Amino acid sequence: MEAGEKPFPSFHSLQILIFISLMLCNLAFVKANVSNPSPFRREFNEFRPLYYCERCLAGKVQDTASATEVSNYPDEQDIDIIATYSDTSGAIRISRVKMRDLSASWVWENPMDVHHDQSTSSETVVDSFHSGIRSGENVEHYSDGHQDGRIPYLYNSSMSPVKRMRQIARKERRDLRTAQLIQQDKETDNQMAQAAIERSKSLDTTVKRKYNIWRRDFVHPHSDSILKLMQDQMIMAKAYASIAKSKNESEIYSALMAHSNASQSAIGEAHSDAELHPSALDQAKAMGHILSRAKDKLYDCDIVARTFRAMVQSTEDKVTAMKKKTAFLIQLAAKTIPKRLQCLPLQLAADYYMQGYYSKQDLDKEKLEDPSLYHYAIFSDNVLATSVVVNSTVLHAKEPEKHVFHIVTDKLNFAAMRMWFLVNPPMKATIQVENIDDFKWLNSSYCSVLRQLESARTKEYYFKVNHPTTVSAGEDNLKYRNPKYLSMLNHLRFYLPEVYPKLDKILFLDDDIVVQKDLTPLWSVDLQGMVNGAVETCKESFHRFDKYLNFSNPKISENFDPNACGWAFGMNIFDLKEWKKRNITGIYHRWQDMNEDRTLWKLGSLPPGLITFYNLTYPLDRGWHVLGLGYDPALNQSEIENAAVIHYNGNYKPWLDLAVSKYNSYWSRYVMFDNHYLQFCNIRQ
C-alpha cells in the first residue's frame, strides 16, 4: 500500500463488526425481557422442561454457567421438590430433591395452577425415579400422604408403576373373561331351553291320574276337565294358603282353606265329571275368584317356586312312608293264610280221622322206587296249591301212568294232604305223601340249618332284639322274617339223595307253578356232567350273583364271580348220581356253617343253592320255565302262553286276593271248584 493512502477495511473485518453488533442487540433484548418479563415468559418459566443429565455434569464450567444463568432470573430460583417412591421392601419413601437434580425425562407441573387440564397432570413418566435421588440427600419418612389426586400412581399407591400397570391389565383380562363366561352361560341356557321345548313336543302327558290343566287331553270334549281343574285348583290353593299364613294374611288364608274344603267335598269319591256333585262347577268358579285375589296380592315368583318345591318334597316324603307301609302290608297279606284256605285243611284232616282214611296204605310201592319212571318232588304245606301242580302236570302228560309224585309236608298238614289225594286221585298217576318229621336222619347233628334254627342267636334275631317296633325299622329284614325261611320244607331240596336214595333223576317243582306242557322230555336232556338243570334268570345286570351274595366278604369274592348268571328254584331237573359223586350235600353243609352269622347271605334257599351248584348248573331253554307272574304285571303274554311251566314267584300268589288278575286264569283252570270241600270252604272262582 502506498504511503498517504487510507487503509480500506477488508471483508473479514467487516464480518466481525456485523457479528459484534448482532450480539449487542441480542443482549439488549434479553436484558429487556428479564427486567420486564411478559406473560408469555412467565408461562414459559412455569412449564419449561428441566434438563439434567450426565452430559451436563461433564464440565464444571457448564454447570456453573447454568447456575449463573438461573440466578439471573429472580422467578426461576431453585425449588425443593418432594417426591414419593417405594423402596425394595415395598415401603413408601418421601425425599426432597432440587429441581436441577431431576432427570431430563421428568416434566414439572405447576401444582398451583388449578385451571390446568386434568389429563395433562396425569401424564408423568416414571422411568428412573431412583436414579434422580442423590445418595447424599436427606431421606425423610412421610406419613400424611398427598391428596392432590392428579397423580394417583405417585401419591396414593404403594405399588410401583409397573405393578400397577400389570394389575390394570389383569383386571381387564378378568373383565373380558367374565363377559365371555356370562355369554357362554346365556348360550347354554338358551340351548337347554330350546332342548326342553323340543322334548316337550314329544312328551305324552296323557298318563292316567296325572292332573294338569295343560295336558293335551284337557281340550278333549270327553275328558274329565272339571274334575282335573278342581284338583289343580286345590293344589294352587294349598300353595297360596301356605304363603298367606307366612305373611299373616289371615283373611285370604281362611278363604282359601274354606274353598279348598268345599272343593274336596264337591269332588268326594268322583273319578270323572259324570260322578261330580251338581254344585262342582259353581265351586270351581268360586275357587277361581279367590285364587285370582290371592295371586294379585301374594304372587312372587321366587316365593311360589320355593313353596312348590317344599310341597314336592313333602309329597315325596309321604310317598316314601306310604311305600314302606305298603311293603309291610303286602308282606303281611302274603304270609297271612286266608280263612277259606284255613278251612280246607281243617275239614280234610277231620274227615281223614273220622272216616278212617288214616288206615289206608299207599298203592304201587314198587313205582315209588322205580328209576325208569318220571319222578317229581314237591315240598309244600299248601293243599290247594299242591293239587294244582299235580293236576296240571298229569293233564299234559302223554303217559300219566309213568309219572310219580313225591309230596312231603309237615305234621300239621300231613292228614289233610293225604286225605285230598286219597279222595281225589289223579288219573293213573302215583302219589306218595310223606311227613318230614318221619325223616329221623334229618336232625340237628346232621343238618346245619336245623342246628342254626335251634340256636339262641337265631331265636334272638327273629323274636327279640331285632324285632321291628315300627314299619321303617323292620323294612330291610321284613322279607327275611317270612316263616318259610324257618321251615325245613324250604331246605329239604338239598337232601334229595337222602330222601330218594334209589332214584337217578328227579324233577323238583315248587307249589306255586302251573304246568302247561308235557315235561317228559326233561328226563332226556343231557346235562353234560352237571348236577342241576335250570333256566337262568339274569337279563342284563339283573339277578346275577352280586344280587344275592355279599361280595364285600372275602370268602365270597375270592370264590365266585359277581357277574355269574343266577337261576331259579321252581323247576329243576337233578342228576342224583352226579349229586352223590360230587358230594353236593357236603358242599351245602360247609357253606351253611360258614354263614351262621348271616354275613355271606341273608336267609333263604336260593343263595346257598347258587353257591352249592356253582359251575354245576346246566342252562335249560327259557321256554321251559317263565317266572315273574307273582310280581310283574307286564310280562309278555305270548311267552306265558308258550311256556312249559309258569311260576308265580313273588308275593302275589294266585290263591290270594293280591294276585295279578290277568294271570289268574292260568292257575284257576286247574282248580276243582266243583269239589265239595272247596264249596264247603267257600273257595270259588
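Residues numbered from 1 in each chain as written. Predicted model: local features only at pLDDT ≥ 70, side-chain atom pairs only at ≥ 80, totals over all residues. Heavy atoms only, no water.

Looking up the protein chain in an unreviewed UniProt entry gives the name Hexosyltransferase, with the organism given as Quercus rubra. The Pathway (unreviewed entry) comment attached to the protein chain in UniProt states, word for word, "Glycan metabolism; pectin biosynthesis." As stated in UniProt under Subcellular location (unreviewed entry), the record for the protein chain gives "Golgi apparatus membrane". (UniProt positions renumbered as here; feature names shortened; annotations may be inferred.)

### Description of the overall build of the protein chain
Helix and strand counts for the protein chain stand at 25 helices and 13 strands. Out of the 685 residues in the protein chain, the part that is buried amounts to 38%. Excluding contacts between residues fewer than 6 apart, the proportion of contacts in the protein chain whose partners are at least 24 apart in sequence is 73%. Taken as a whole, the protein chain presents about 41400 Å² of accessible surface, with 55% of it coming from carbon and sulfur. (Helix = DSSP H or I, 4+ residues; strand = E, 2+ residues; numbered from the N terminus. Buried < 20%, exposed > 50% of the residue type's maximum accessible area, 1.4 Å probe, protein only. Contact = heavy atoms within 4.5 Å. Areas by Shrake-Rupley, 256 points an atom, 1.4 Å probe, with all protein chains shown as cover.)

### A few points about the sheet that holds strand β5 (residues 403-409)
The mixed open sheet is built from 7 strands, whose spatial order is β6-β5-β4-β7-β10-β9-β11. Only two strands of the sheet have a single neighbouring strand rather than two, namely β6 (430-435) and β11 (617-619). Shown here is a sheet whose adjacent strand axes are inclined to one another by a mean of 25 degrees, direction ignored. Pairing of strand β4 (residues 374-379) with strand β7 (residues 505-509), which is carried by 2 bridges, proceeds in the parallel orientation. Its bridge partner being in β7, Ala377 is matched across the sheet by Phe508. Across the sheet, helix α13 (residues 383-396) lies against β4, β5, β6 and β7, angled at about 175 degrees from β5, the strand it touches most. (Pairing = 2+ DSSP bridges. Axes fitted to C-alpha atoms, helices over the stretch in contact; angles between N-to-C directions.)

### Details of the nonpolar core
Counting residues in each nonpolar core, the largest one holds 66 residues, and the members touching the most others are Leu344, Leu507, Leu519 and Leu522. By size, the runner-up hydrophobic cluster in this structure holds 43 residues, among which are Phe439, Leu496, Ile556 and Phe613. (Core = buried A, V, L, I, M, F, W, Y, C linked by side-chain atoms within 4.5 Å.)

### Focus on the sheet that holds strand β8 (residues 513-515)
Within the open sheet, the 3 strands sit side by side as β8-β13-β12. Their pairing is mixed. Each edge of the open sheet carries a strand with a single partner, namely β8 and β12 (625-626). Pairing analysis gives 3 bridges linking β8 to strand β13 (residues 645-647), with the strands arranged antiparallel. Residue pairing for β13: Ile513 is matched across the bridge by His647.

### What about unusual backbone geometry?
One non-glycine residue with positive phi stands out, namely Asn583, at about 55 degrees. Following the sequence through the fold, Asn583 ends up in the loop between α20 (576-582) and α21 (584-594). The exposure class assigned to Asn583 is partly exposed, which follows from its relative accessible area of 49%. One non-glycine residue, Asn615, lies in the positive phi region at around 65 degrees. The topology assignment puts Asn615 in the loop between α22 (606-612) and β11. Taking the relative accessible area as the measure of exposure, Asn615 reaches 57% and is therefore exposed.

### Topic: the side chain of Asn595
Inspection of the secondary structure assignment puts Asn595 in the loop between α21 and α22. A relative accessible area of 3% means that Asn595 is categorised as buried.

### Focus: the packing of helix α11 (residues 339-354) against helix α14 (residues 411-423)
For the pair α11 and α14, interaxial distance at closest approach is 8 Å and the crossing angle is 80 degrees. When the axes of α11 and α14 are compared, the pair comes out roughly perpendicular. For the pair α11 and α14, contact is made by Pro345, Leu348, Ala349, Asp351, Tyr352 and Tyr353 and by Asn413, Phe414, Ala415, Ala416, Arg418, Met419, Trp420 and Leu422, respectively. Class assignment for the residues of the contact of α11 with α14 results in 11 nonpolar, 1 polar and 2 charged. (Parallel < 35°, antiparallel > 145°, perpendicular 65-115°, else oblique. Nonpolar A, V, L, I, M, F, W, Y, C, P; charged D, E, K, R; others polar.)

### Topic: the packing of aromatic side chains
Within the structure shown, the criterion is met by 24 aromatic pairs. Between Trp567 and Phe613 the ring centres are 6.1 Å apart and the planes differ by 70 degrees, which places this aromatic pair in the edge-to-face class. Separated by 46 residues along the polypeptide, Trp567 in the loop between α19 (554-557) and β10 (571-575) and Phe613 in the loop between α22 and β11 bring together distant segments of the chain. In this pair, the class of Trp567 matches that of Phe613, namely buried. Seen from the ring of Tyr299, Lys295 lies directly overhead, with NZ or CZ sitting 6.0 Å from the centre. (Phe/Tyr/Trp six-rings, centres within 6.5 Å; stacked < 30°, edge-to-face > 60°. Lys NZ or Arg CZ within 6 Å of the ring centre and 35° of its normal.)

### Thoughts on the pattern of salt bridges
Throughout the structure, instances matching the rule amount to 12 salt bridges. With a shortest N-O distance of 2.9 Å, Asp593 and Arg451 are connected by a salt bridge. On the criterion of sequence distance, the pair formed by Asp593 in helix α21 and Arg451 in helix α15 (residues 448-453) is long-range, its members being 142 residues apart. For Lys653, the salt bridge identified is with Asp512, shortest N-O distance 2.6 Å. One end of the pair, Lys653, is in the loop between β13 and α24 (664-668); the other, Asp512, is in the loop between β7 and β8, and 141 residues separate them in sequence. A single burial state applies to Lys653 and to Asp512, both of which are buried. (Salt bridge = Lys/Arg side-chain N within 4 Å of Asp/Glu carboxyl O.)

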